[in-house]
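Per-entry structural report
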Amino acid sequence: MSASGGTKAIVAALGANLAIAVAKFVAFLFSGSSSMLAESVHSLADSGNQGLLLLGGKRAQREATPQHPFGYGRERYIYAFLVSIVLFSVGGMFAVYEGYEKIRHPHELEAWYWPVGVLVFAIIAEGFSFRTAIRESNETRGSLSWTDFIRRAKAPELPVVLLEDFGALIGLVLALGGVGLALGTGNGVWDGIGTLCIGILLITIAIVLAAETKSLLLGEAAGTDQVEKIKAAVVDGDTVTGIIHMRTLHLGPEELLVAAKIAVQHDDTADEVANAINAAESRIRAAVPIARVIYLEPDIYNAAAAAAGTNPAKTPATPHPEAATTPGPEAPEPGAAEPDDTDSGDTDSGDSGPSESGR
């Protein structure tokens, strides 16, 4: 797992959660607090989640095989999705059940100083873990808000750890409130209510994580800034005069596939086109280093057909700023596209086939 995967944050969260889980369970044994039992199961589930994230990062580093020619980078998304399931089932549903039972059959807390002391310790430990996750995230977050970072991050580990730690801190406050109210009123129902609130919180976080990781599993395109860099790198204004259409896809958090049909002049030789494609691939890698698998297919740009607008629904060509000064009727114009072009872009051209970059 790369540094951007947040390994330091995962290890910090794993150490904190293991220590907290043991402390919470001891406090439950001495006090009988359902909030402490729910929190101990929550911390134990979080520890398992961090283990899953580390395992996913390790397995994603395997080399590509004939059966999986694009590698195993997406395995990190699968394990992040499993985390959301564990958080929902083991953490959230158990806390809801335990809270419901405690509300139905309340009892007074014994040895109240155990849960209070452990909760204070847990808040300090989780705060340390949360601070580490924030520091790791700030290295890649840039100017994005925290909401946008969680929604747009391609590496799933940091958003998962951030939401887990945030949920853990809120859950600890809820548990402390439930225990405090139960002690102050002498009514154990408040302990059950605190436990129920913890369960609802965990289920909510699990649903958010599941929705975000599902989008990554389905396949997300490169970010807007990366797409613009790739477009600018492809077109040289000479041999490559425009982009007829382009698609990008994350094969993993740090691996991007780029496929594009590019416009070339009708009188370019095969050697000129091949050299132009190789140069475009080099420019793409320099502009966006994670673009490791690149397919570029040349096609003849038909300015007359594009001007006639026989296929207006097609993705418009993307001209390079210098292309506007290139003379001749074959120069691409904004909004133009070849009328017989299709989105697959793999069989409709008689020119040379796609060129694939090496891994």
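Refer to the preceding data block for the structure.
Structural notes, computed from the coordinates.

Tallying secondary structure elements over the chain gives 10 helices and five strands in all. For the chain, the residues scored as buried account for 48% of the 359 residues in total. For the chain, the proportion of contacts with a sequence separation of at least 24, taken over those separated by at least 6, is 78%. Taken as a whole, the chain presents about 16300 Å² of accessible surface, with 63% of it coming from carbon and sulfur.

Our next topic: the packing of helix H2 (residues 34-59) against helix H6 (residues 157-185). Close contact between H2 and H6 brings their axes to 10 Å; oriented N to C, the two are set at 170°. Classified by the interaxial angle, the pair formed by H2 and H6 is roughly antiparallel. Residues Ser35, Glu39, His42, Asp46, Asn49, Gln50 and Leu53 of H2 touch H6, and the partners they reach there are Glu157, Val160, Val161, Glu164, Gly167, Ala168, Gly171, Leu172, Ala175 and Val179.

Below, the discussion takes up the pairing of strand S2 (residues 255-264). The buried count for S2 comes to nine of 10 residues, which makes it a mostly enclosed element. Relative to S2, strand S1 (residues 240-252) is paired through 10 bridges, and the arrangement is antiparallel. By the bridge assignment, Leu249 is partnered in S2 with Leu257. In this structure, the hairpin formed by S1 and S2 is closed by a connection of two residues. Direction of pairing for S2 relative to strand S3 (residues 291-300): parallel, over a ladder of nine bridges. Looking across to S3, one finds that Leu257 is bridged to Val293. As for the winding sense of the linkage, the β-α-β connection from S2 through helix H9 (residues 270-287) to S3 is right-handed.

Turning our eyes to something else, we now look at the pattern of salt bridges. Tallying each qualifying case throughout the model produces nine salt bridges. The residue Arg62 makes a salt bridge to Glu75 at a minimum N-O spacing of 2.5 Å. One end of the pair, Arg62, is in the loop between H2 and helix H3 (75-104); the other, Glu75, is in helix H3, with 13 residues separating them in the sequence. Residue Arg62 is classed as partly exposed on the basis of its relative accessible area of 34%. Note on Glu75: relative accessible area 12%, which makes it buried. For Asp299, the salt bridge is made with Lys261, and the minimal N-O distance between the two is 3.3 Å. Residue Asp299 is found in strand S3, and its partner Lys261 is found in strand S2; the two are separated by 38 residues along the sequence. Using a relative accessible area of 4% as the deciding quantity, one classes Asp299 as buried.

The next point concerns a negative patch on the surface. A cluster of acidic residues, Asp238, Asp267, Asp271 and Glu272, forms a negative patch at the surface. Tracing the backbone through its elements, the reader meets Asp238 in the loop between helix H8 (224-234) and S1. Asp238 sits in the exposed class, given a relative accessible area of 55%.

Our focus in this paragraph is the environment of His105. You can see His105 is positioned in the loop between H3 and helix H4 (113-141). His105 gets classed as partly exposed once you look at its relative accessible area, which sits at 47%. Taking the C-alpha atoms as reference, His105 lies 8.0 Å from Val189; in sequence the two are 84 residues apart.

Looking now at the nonpolar core. By size, the foremost hydrophobic cluster in this structure holds 43 residues, and its most contacted members are Leu53 and Val161. For this core, the elements supplying multiple residues, two or more each, are helix H1 (7-31), H2, H3, H4, helix H5 (146-152), H6 and helix H7 (189-218). With 10 residues, H6 is the single largest residue contributor to this core. Counting residues in hydrophobic clusters, the runner-up holds 24 residues, among them Ile230, Met246, Ala280 and Ile284.

A few words now on the side chain of Gln50. On the secondary structure map, Gln50 appears in helix H2. A polar contact is formed between the side chain of Gln50 and the side chain of Asn17, at a distance of 2.8 Å. At 2.4 Å, the side chain of Gln50 forms a polar contact with the side chain of Glu164. When near neighbours in sequence (up to four residues on either side) are disregarded, Gln50 contacts Ile10, Ala13, Leu14, Asn17 and Glu164.

Between H4 and H6, whose axes approach to 9 Å, the crossing angle comes to 160°. On the basis of their axis angle, the class for H4 and H6 is roughly antiparallel. Where H4 crosses over H6, the handedness of that crossing is left-handed. Of the residues belonging to the contact of H4 with H6, the class tally is 19 nonpolar, four polar and three charged.

Evaluation of the coordinates by the stated rule reveals four aromatic pairs. Pairing Phe30 with Trp114 gives two aromatic rings, centres 4.5 Å apart and planes at 10°, and the pair type is stacked. A residue pair is termed long-range when its members are at least 10 positions apart, and Phe30 in helix H1 and Trp114 in helix H4 qualify at 84 residues. Judged by its relative accessible area of 45%, Phe30 is partly exposed. Note on Phe130 and Phe166: the rings are 6.4 Å apart at their centroids and 45° apart in plane angle, and the pair reads as tilted. With a gap of 36 residues between them, Phe130 in helix H4 and Phe166 in helix H6 connect regions that are remote in the sequence.

Rules behind the numbers
The numbering scheme is per chain: residues are counted from 1 as the chain's sequence reads. Local features are withheld for residues below a pLDDT of 70 in this predicted model, meaning they are given only at 70 or higher, and side-chain atom pairs are given and counted only at 80 or more; totals for whole chains, interfaces and linings count all residues. Excluded from the side-chain calculations are hydrogens and water; all other atoms, namely the structure's heavy atoms, are used. Helix and strand assignments follow DSSP, with helices taken as H or I runs no shorter than four residues and strands as E runs no shorter than two, numbered in order from the N terminus. We call a residue buried when its accessible area falls under 20% of the maximum for its residue type, exposed when it is over 50%, and partly exposed in between, using a 1.4 Å probe and counting protein chains only. A contact between two residues is defined here by any heavy atoms of the two lying within 4.5 Å. We get accessible surface area from the Shrake-Rupley algorithm with a probe of 1.4 Å; when it comes to residues, only the shown protein chains can shield them. Axis definition: a line fit to C-alpha positions, over the contact stretch in the case of helices; interaxial angles, taken between N-to-C directions, run 0 to 180 degrees. Geometric relationships in this document are graded by angle, where less than 35 degrees denotes roughly parallel, more than 145 denotes roughly antiparallel, 65 to 115 denotes roughly perpendicular, and other angles denote oblique. Two strands form a pair only when DSSP identifies at least two bridges running between them. By definition, the crossover connecting two strands over a helix is right-handed if that path, from the first strand to the second, turns clockwise as seen with the strands pointing away from the viewer. Take a side-chain nitrogen of Lys or Arg and a carboxyl oxygen of Asp or Glu: if they are within 4 Å of each other, that pair is a salt bridge. To count toward a patch, a residue needs a relative accessible area above 30% and no salt bridge. Like charges then connect within 9 Å, nonpolar side chains (Val, Leu, Ile, Met, Phe, Trp, Tyr) within 5 Å. When charges are counted, neither His nor the chain ends are considered; positive counts come from Lys and Arg and negative counts from Asp and Glu. By convention, charge coordinates are those of NZ in Lys, CZ in Arg, CG in Asp, or CD in Glu. Residues belong to a common nonpolar core when they are buried Ala, Val, Leu, Ile, Met, Phe, Trp, Tyr or Cys residues joined through side-chain atoms within 4.5 Å. Within 3.5 Å is the distance limit for a polar contact, defined as a pair of N or O atoms, with the added protein rule that one can donate a hydrogen and the other accept it, and that residues adjacent in sequence qualify only through two side-chain atoms. Each crossing gets its handedness from the near helix: less than a right angle anticlockwise from the far helix is left-handed, clockwise is right-handed. Charged means Asp, Glu, Lys or Arg here, nonpolar means Ala, Val, Leu, Ile, Met, Phe, Trp, Tyr, Cys or Pro, and polar covers whatever is left, Gly included. Each Phe, Tyr or Trp ring (for Trp, its six-membered ring) is paired with any other whose centre lies within 6.5 Å, and the angle between the two planes then decides the class: stacked below 30 degrees, edge-to-face above 60, tilted in between.

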